[in-house]
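Report on the structure
Okay, here's what each chain looks like letter by letter:
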Amino acid sequence: MNRRAIIATAILFISLTSCSNALKFKIKDNESRPRSPARSPVKYRPLSFLELQPHLLWYGLTISSISPVVWGYQMSKLNPQVKTTVANIAMLSLSVIPTQALLKMLQLNLGTPIKRHLNPWCAFACMGAIQGGVTGQASVFFSRAFGIGNPKLTDALRGYQLSALKDTIAQGLPFAFSDLVQHKLLDRLLPSSSTSSWLSSIKRGIAVVTTSALGTVLSQICQNLHFALVSSPGLSYTAAAKQLWDRNGVGMFFNGAASRLGLVLVVSVLNQAILKQAWQGVPVPLSPRMLLNRRRRRAMLPRQSARHPDRREQEKQCSQAEREGSVIAL
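Notes on the structure follow. (Residues numbered from 1 in each chain as written. Predicted model: local features only at pLDDT ≥ 70, side-chain atom pairs only at ≥ 80, totals over all residues. Heavy atoms only, no water.)

The helix and strand tally for the protein chain stands at 12 helices and two strands. In the protein chain, the succession of α and β elements from N to C terminus is α-β-α-α-α-α-α-α-α-α-α-β-α-α. With an accessible surface of roughly 17800 Å², the protein chain has 66% of that area assigned to carbon and sulfur atoms. (Helix = DSSP H or I, 4+ residues; strand = E, 2+ residues; numbered from the N terminus. Areas by Shrake-Rupley, 256 points an atom, 1.4 Å probe, with all protein chains shown as cover.)

Written as structure tokens, this is what we have:
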């Protein structure tokens, strides 16, 4: 088994493990959440700054333990003169995990208000521009370690426009088209009843994976150009593109996409499992009068269901639609 197969297998294992954990958390959350009538939607309030930090810290530590290894591997493949191993890259990346986790928290703290008050697309672009600095810091470190160049720390901000475009494509495609792929294509190919939640989860995962893979391939050229700009501060955009072409040929458009695909899948899963819940907020406590009215309605449901046999099925469909409507890809 060659080196690429080993890396792809490891990334696939990490992605599947994260998907499984996220699915368990989602099922547990749905089972523990009390079901309410469709006419009584639950209201949410945004998390405060202090309440949000544990979610962002957990997200930053999780993704920062994987992303530097992927970036170092991509830089080694874009520069054929670099002779190193994956184990060496993993050992080198240990020294940048704390810095990467703090930078990731800063990125999310700056991007979360934009997402709340504007729209997700602006959040993707702004967080992608900040991500350029996060990736740039790791690029500066690996450039010095591999002997590619000797960039300064301020050079980590070069090419932030490319990073903004990269994240807009890579995260925007799952956000915009995963629901469309699931409902317009997969639901027609694999029809399921409202009670088969496991099949809906599988179709949801397939939709997110396929759209994420497409976004990864389309945006890989932006990632490679960003690496070249940071590694060689004296090059312009056109000179960096020419250097990539001379060293990689047509591969400048897709080299590194295979390893980055696993990273994008992990990011999509973490957005679902951590950031989606953090951005959604917490349920607002109901007043005593609202609780009393809800209890009265629930007390009447069994008798209504007995009189109308199809009422129970309607309630299941409303509950299923409510759960599916709360799932979005960020």
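Next comes the rest of the description.
Scanning the entire structure with this criterion turns up five aromatic pairs. Ring geometry for Trp 121 and Phe 124: centres 6.0 Å apart, planes at 85 degrees, overall edge-to-face. In this pair, Trp 121 and Phe 124 both sit in helix 6 (residues 120–146), three residues apart, roughly one turn of the helix. According to the relative accessible area criterion, Trp 121 is partly exposed, its value standing at 38%. (Phe/Tyr/Trp six-rings, centres within 6.5 Å; stacked < 30°, edge-to-face > 60°. Buried < 20%, exposed > 50% of the residue type's maximum accessible area, 1.4 Å probe, protein only.)

Relative to the assigned elements, Gln 220 resides in helix 8 (residues 197–231). The class for Gln 220 is buried, based on a relative accessible area of 0%. A polar side-chain atom of Gln 220 sits 3.1 Å from the main-chain carbonyl oxygen of Asn 255. Discounting chain neighbours no more than four positions away, the residues touching Gln 220 are Gln 74, Phe 253, Phe 254, Asn 255, Gly 256, Ala 257 and Arg 260. (Polar contact = N/O pair within 3.5 Å; in protein donor to acceptor, adjacent residues only side chain to side chain. Contact = heavy atoms within 4.5 Å.)

Within the element layout of this structure, Gln 223 appears in helix 8. Residue classification places Gln 223 among the buried positions, given a relative accessible area of 2%. Ignoring any residue separated from it by four or fewer positions in sequence, one finds Gln 223 in contact with Trp 71, Gln 74, Lys 166 and Arg 260.

A word on the nonpolar core. Soluble globular proteins: nonpolar side chains tend toward being buried together. One finds Tyr 59 and Ile 63 to be the most contacted residues of the largest nonpolar core, which totals 41 residues. At the level of elements, helix 2 (49–64), helix 3 (67–78), helix 5 (97–117), helix 6, helix 8, helix 9 (237–248) and helix 10 (257–280) are the ones that each hand at least two residues to this core. The leading source of residues in this core is helix 10, at nine residues. With residues near it in sequence (within four places) discarded, Tyr 59 still touches Lys 104, Leu 108, Val 267, Leu 270, Asn 271, Ile 274 and Leu 275. (Core = buried A, V, L, I, M, F, W, Y, C linked by side-chain atoms within 4.5 Å.)

Moving on, we come to the packing of helix 3 against helix 4 (residues 86–93). Where helix 3 contacts helix 4, the two axes come as close as 9 Å, and the packing angle between them is 130 degrees. When the axes of helix 3 and helix 4 are compared, the pair comes out oblique. The element helix 3 and its partner helix 4 pack so that their crossing is right-handed. Here helix 3 contributes Pro 68, Val 69, Gly 72, Tyr 73 and Ser 76 to the contact with helix 4, which in turn contributes Val 86, Ile 89, Ala 90 and Ser 93. Residue classes in the contact of helix 3 with helix 4 are distributed as six nonpolar, three polar and no charged. (Axes fitted to C-alpha atoms, helices over the stretch in contact; angles between N-to-C directions. Parallel < 35°, antiparallel > 145°, perpendicular 65-115°, else oblique. Left-handed = near helix turned anticlockwise from the far one by under 90°. Nonpolar A, V, L, I, M, F, W, Y, C, P; charged D, E, K, R; others polar.)

In short, the description is geometric, and any link to function would need to be established separately.
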